[in-house]
Amino acid sequence: MEIQIKLHVGNDLVESKEVVERLVWENLNKKLDHYLNKFDKDDAEGIIEIDLEKNKKGLFDGVVKANLDGKSYRFEREDYKNLDDLINHLFDHFKEALSDK
């Protein structure tokens, strides 16, 4: 399955986009690779969208939306002080959801 990754960062995070991309790929390749393998079929399609922004409190909010072979997932977290922790936490929840299936 070919997975498309769509990353959307708020204006306040444009400078951090490279770091965000690295963290997303690390999570996909190290944390979720085993779980994503079960969707590996010739006709399977996958899209993962990550939306990150800084809120009015100066903290980070994020959403991960995924559609993998017709199955939808959504994880949302708010008010994180550390962007790395937010991204890793979102992918932890994604991993848990994939392990339940």
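Each remark here, short or long, concerns the structure printed above.
All of the points below concern the structure found in this document. (Residues numbered from 1 in each chain as written. Predicted model: local features only at pLDDT ≥ 70, side-chain atom pairs only at ≥ 80, totals over all residues. Heavy atoms only, no water.)

Focus on helix 1 (residues 17-31)
Test applied: The way it works is that DSSP assigns letters per residue, a run of H or I at least four long becomes a helix, a run of E at least two long becomes a strand, and they are numbered from the N terminus. Expected span of a helix, by definition, is 1.5 Å for each gap between consecutive residues, and there is one gap fewer than residues. Burial classification: accessible surface area is computed with a 1.4 Å probe over protein chains only, and a residue below 20% of its type maximum counts as buried, one above 50% as exposed, and the rest as partly exposed. Relevant arc is that of directions from the helix axis to the C-beta atoms, nothing else. Residue contacts follow a heavy-atom distance rule, with two residues in contact if any of their heavy atoms lie within 4.5 Å.
Over its 15 residues, helix 1 runs 20 Å from end to end, which matches the ideal 21 Å to within 8%, given 1.5 Å per residue. For helix 1, the full list of buried residues reads V20, L23, V24, N27 and L28. Along helix 1, the residues classed as buried sweep out an arc of 130° about the axis, all on the same side. Across from the buried face of helix 1, at angles greater than 90 degrees, the exposed residues are E18 and K30. Along its buried surface, helix 1 packs onto strand 1 (2-9), helix 2 (33-36), strand 2 (45-54) and helix 3 (83-100).

Describing the environment of L52
Within the secondary structure layout, L52 lies in strand 2. Here L52 falls in the buried class, since its relative accessible area comes to 3%. For the pair L52 and I5, spaced 47 residues apart in sequence, the C-alpha separation works out to 14 Å. Beyond its immediate stretch of four places on either side in the chain, L52 contacts L7, H8, V9, G10, L13, V20, D61, G62, L83, L86, I87 and L90.

Some remarks on a negative patch on the surface
Test applied: Each patch groups residues whose relative accessible area exceeds 30% and which form no salt bridge, using 9 Å between like charges and 5 Å between nonpolar side chains of Val, Leu, Ile, Met, Phe, Trp and Tyr. In these tables, accessible area is a Shrake-Rupley quantity obtained with a 1.4 Å probe, and a residue counts as shielded only by the protein chains included in the view. Salt bridges are defined by distance alone: a side-chain nitrogen of Lys or Arg within 4 Å of a carboxyl oxygen of Asp or Glu. Residues scored as charged are limited to Lys and Arg (positive) and Asp and Glu (negative), so that His and the chain ends carry no count. Note on charges: their place is set at NZ of Lys, CZ of Arg, CG of Asp or CD of Glu.
A cluster of acidic residues, D40, D42, D43 and E45, forms a negative patch at the surface. Mapped onto the elements of the fold, D40 is located in the loop between helix 2 and strand 2. Residue class for D40 comes out exposed when judged on its relative accessible area of 53%.

So, the pairing of strand 3 (residues 60-68)
Strand residues, when the strand is regular, have side chains that alternate between the two faces of the sheet. In plain terms, the rule: Following DSSP output, two strands are said to pair if at least two bridges run between them.
With respect to burial, strand 3 is a largely interior element, seven of its nine residues being buried. Counting the residues that bridge the hairpin from strand 2 to strand 3 gives five residues, and of these G58 lies at a positive phi of roughly 85°. Bridge count between strand 3 and strand 4 (residues 71-80): eight bridges; the pairing is antiparallel. Of the residues in strand 4, the one forming a bridge with V64 is F75.

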